Amino acid sequence: TQVLRKSLQRGVLLSTGSFLVYEVHKLISGFAEVHASFKVEDVIEQADYLYGSGETEKLYRLLIQHKNSDDAELLWRLARSSRDLAQLGSTSAEVKKQLTYDSLEYAKKALEKNEANFAAHKLYGICLSDVGDYEGIKTKIGNAVIIKEHFQRAIELNPKDATTIHLIGIWCYSFAEMPWYQRKIAATLFATPPTSTFQEYAANSHLKLFSCLYAADPNFYSKNLLYLGKTYLKLNNKKMALLWLSKAKEYPAQTEEDKQV
């Protein structure tokens, strides 16, 4: 009887101990999850601050530490950061190429983690276009439809994103400006080749929205001003072309792309 009583007492103690261990494990796991969540938000906040400050290299060093993350918000920011670093004049041609391909991989991974993330679609379209510069005109034209689909999906998810609307406009402009030999390549790749004209582009609501965006925020995007000017020039409206190209010229250059514009 005494042996049985001791065994039962020992069993209760072990059960109690196991229960306590289980509860402590749950508590620690809960803290770990909260901490992980807080850490992601903290990194994103820091990343957005560095991006707004134009700290391209610092931003890349921060985000590259999270290249294996499962968070789409971190991954699309890493894709953008990799691309921005590739655009710097100080970046060698070899490193630029590697960063260009890396940025596409990060954007692709962001989409795999969250297909409903508009920024991931936007970056994927941009990075796919960049990679086309290394893979030849046939590949670049072949990817054109895919790129536009991702831009359109981004707009579906966030109709107010001015940058994506701008990118759709650039897409139309590129096809309107496509030389004859590239149109022949497009004709061999697609049953119905993508087409666009400057008249179509000018009549498109995107162009009107670009003007409205300028009225709301003159510093929206230097390239937006450039393409407004170029489009009006193609339409032989030199007065409006001069207006927008002058604004592009006077735009306060903060990034490498601004300087190129």
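Conventions used here
Residues numbered from 1 in each chain as written. Predicted model: local features only at pLDDT ≥ 70, side-chain atom pairs only at ≥ 80, totals over all residues. Heavy atoms only, no water. Helix = DSSP H or I, 4+ residues; strand = E, 2+ residues; numbered from the N terminus. Expected span 1.5 Å × (residues − 1). Buried < 20%, exposed > 50% of the residue type's maximum accessible area, 1.4 Å probe, protein only. Arc of directions from axis to C-beta. Contact = heavy atoms within 4.5 Å. Salt bridge = Lys/Arg side-chain N within 4 Å of Asp/Glu carboxyl O. pLDDT = per-residue confidence, 0-100. Phe/Tyr/Trp six-rings, centres within 6.5 Å; stacked < 30°, edge-to-face > 60°. Lys NZ or Arg CZ within 6 Å of the ring centre and 35° of its normal.

### Details of helix H7 (residues 144-157)
And then number 1: Here H7 spans 20 Å end to end across 14 residues, near enough to the 20 Å set by a 1.5 Å rise per residue.
And then number 2: Looking only at H7, the buried set comprises Ala144, Ile147, His150, Phe151 and Ala154. Relative to the axis of H7, the buried residues are bounded by an arc of 130 degrees and lie together on one face.
And then number 3: If you follow the buried residues of H7, they end up packed against helix H4 (93-113), helix H5 (118-135), helix H6 (137-142) and helix H8 (162-176).

### Structural notes on the pattern of salt bridges
And then number 1: In the structure shown here, the tally under the stated rule is 9 salt bridges.
And then number 2: The residue Glu73 makes a salt bridge to Arg77 at a minimum N-O spacing of 2.6 Å. Of this pair, Glu73 and Arg77 both sit in helix H3 (residues 72-87), separated by 4 residues, roughly a single helical turn.
And then number 3: Taking the relative accessible area as the measure of exposure, Glu73 reaches 31% and is therefore partly exposed.

### Points about the confidence of the model for the protein chain
The predicted coordinates ought not to be read in detail in places where the model reports low pLDDT.
And then number 1: This prediction gives the protein chain a mean pLDDT of 79; 70% of its residues lie at or above 70.
And then number 2: Segment residues 1-37 is flagged for pLDDT under 50; beyond a separation of four residues in sequence, or across chains, it makes 0 contacts in the model.

### Some points on the packing of aromatic side chains
And then number 1: Inspection of the entire model under this criterion finds 1 aromatic pair.
And then number 2: Measuring from centroid to centroid gives 6.1 Å for Tyr101 and Tyr134, while their planes differ by 45 degrees, and the two rings are tilted. With Tyr101 in helix H4 and Tyr134 in helix H5, the pair connects residues that are 33 residues apart, well separated along the chain.
And then number 3: A relative accessible area of 26% places Tyr101 in the partly exposed class.
And then number 4: Classification of Tyr134 by relative accessible area gives partly exposed; the value is 33%.
And then number 5: One cation-aromatic arrangement involves Arg80 over Tyr51; the distance from NZ or CZ to the ring centre is 3.5 Å.

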